[in-house]
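Observations on chain architecture
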Amino acid sequence: GPWRPSPTHGLSISPHGSLILPLALALVLGSITPRSVASAAVGETPAGDEIAEKIAARDFRSAGTRLDSLLSVTPSGSPERERYLLQRAVCWKNLGLEGEALSGMEAAQGSFPELQEYLLFWEAECLEALERPDAASERYGLLIQRAPASTMRDEARLRMARIAEKAGRHEEAAKLFDRI
């Protein structure tokens, strides 16, 4: 049948078209790795190559099925498992499974410090899709606070302004729009 997220590995991501596709593809193609395991790029393995190809082709369902299979035999705490979990979260996000993707992004924060700003942005997108605008705005704010030079800073501010405007907080929205 169609691939569904495993209840034992809850992760989530939002399908909003965005600035994240180039990074997501770089991540799954193995060019970005946790600092602690820079030499253990999953993209260097046959399974990693297969997953990267599926994700690059936007075949997120097949990639997710393969990732579930790999996760069932990959030791807990291993660098490969951490990458597979994050890749699965990317798949879930692109399949519109925001709740699962959100959990996966939150779990990945400690394993991928070099991706912190992207993970915060993706988490905020998931929260927006889950109709949790205040939590999304907080996550965008955290991105701006933790990564003030981020290329996503202005987009995060814009989304915060739109959330404030939609909630009727016009003065707050105007201040955010002015800072873009």
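That block above? That's the structure.
For the rest of this paragraph, the subject is the overall build of the protein chain. Counting its secondary structure elements, the protein chain contains nine helices and zero strands. Counting from the amino terminus, the protein chain carries its helices and strands in the arrangement α-α-α-α-α-α-α-α-α. Relative to its 180 residues, the protein chain shows a buried fraction of 48%. Counted over contacts in the protein chain with a minimum sequence separation of 6, partners at least 24 positions apart contribute 64%. Surface accessibility of the protein chain: about 8,600 Å² in total, with carbon and sulfur atoms responsible for 51%.

Counting residues in hydrophobic clusters, the biggest one holds 30 residues, and the most contacted among them are Leu 86, Met 105, Leu 119, Trp 122 and Tyr 140. Mapped onto this core, the elements with two or more residues apiece are α4 (79–94), α5 (98–108), α6 (116–129), α7 (133–146) and α8 (153–166). Residue contributions to this core peak at eight residues, all from α6.

Contact geometry for α4 and α5: axes closest at 8 Å, N-to-C directions at 150 degrees. As judged from the angle between their axes, α4 and α5 are roughly antiparallel. As for the relative orientation of α4 and α5, their crossing is left-handed in sense. Residue-level contacts link Leu 86, Ala 89, Val 90, Trp 92 and Lys 93 of α4 to Glu 100, Ala 101, Gly 104, Met 105 and Ala 108 of α5. Partitioned by chemical class, the residues of the contact of α4 with α5 number seven nonpolar, one polar and two charged.

Now for helix α3 (residues 60–71). Look at α3: 16 Å from first C-alpha to last across twelve residues, which is about the 16 Å you get at 1.5 Å a residue. Among all positions of α3, only Phe 60, Ala 63, Gly 64, Leu 67, Leu 70 and Leu 71 are buried. Take α3 and look down its axis: the buried residues cluster within an arc of 125 degrees, on one side only. Along its buried surface, α3 packs onto α2 (46–56) and α4.

Take the side chain of Arg 159 next. Position of Arg 159 among the secondary structure elements: in helix α8. On the basis of relative accessibility, which here comes to 13%, the residue Arg 159 falls in the buried class. Leave out the neighbours within four places in its chain, and Arg 159 touches Phe 121, Glu 125, Glu 128 and Tyr 140.

Turning next to the pattern of salt bridges. On inspection of all chains with the given rule, the structure shows twelve salt bridges. Residues Arg 66 and Glu 50 are paired through a salt bridge, measuring 3.0 Å at the closest nitrogen-oxygen approach. Of this pair, Arg 66 sits in helix α3 while Glu 50 sits in helix α2, and the two are 16 residues apart along the sequence. Arg 66 gets classed as partly exposed once you look at its relative accessible area, which sits at 25%. Judged by its relative accessible area of 29%, Glu 50 is partly exposed. Between Arg 159 and Glu 155 there is a salt bridge whose closest N-O contact spans 2.7 Å. Here Arg 159 pairs with Glu 155, and both are found in helix α8, just four residues apart, close to one helical turn. Within this structure, Lys 93, Glu 125, Glu 128, Glu 155 and Arg 159 form a network of salt bridges that share partners.

Contact pair α2 / α3: the axes reach a minimum separation of 8 Å and the direction vectors enclose 155 degrees. Here α2 lies roughly antiparallel to α3, going by the angle between them. Viewed along their axes, α2 and α3 form a crossing whose handedness is left-handed. Two secondary-structure elements touch here, α2 through Ala 47, Glu 50, Ile 51, Lys 54 and Ile 55 and α3 through Phe 60, Ser 62, Ala 63, Arg 66, Leu 67 and Leu 70. Tallied by class, residues from the contact of α2 with α3 come to seven nonpolar, one polar and three charged.

Here is what the cut-offs are and how they apply
Residues numbered from 1 in each chain as written. Predicted model: local features only at pLDDT ≥ 70, side-chain atom pairs only at ≥ 80, totals over all residues. Heavy atoms only, no water. Helix = DSSP H or I, 4+ residues; strand = E, 2+ residues; numbered from the N terminus. Buried < 20%, exposed > 50% of the residue type's maximum accessible area, 1.4 Å probe, protein only. Contact = heavy atoms within 4.5 Å. Areas by Shrake-Rupley, 256 points an atom, 1.4 Å probe, with all protein chains shown as cover. Core = buried A, V, L, I, M, F, W, Y, C linked by side-chain atoms within 4.5 Å. Axes fitted to C-alpha atoms, helices over the stretch in contact; angles between N-to-C directions. Parallel < 35°, antiparallel > 145°, perpendicular 65-115°, else oblique. Left-handed = near helix turned anticlockwise from the far one by under 90°. Nonpolar A, V, L, I, M, F, W, Y, C, P; charged D, E, K, R; others polar. Expected span 1.5 Å × (residues − 1). Arc of directions from axis to C-beta. Salt bridge = Lys/Arg side-chain N within 4 Å of Asp/Glu carboxyl O.

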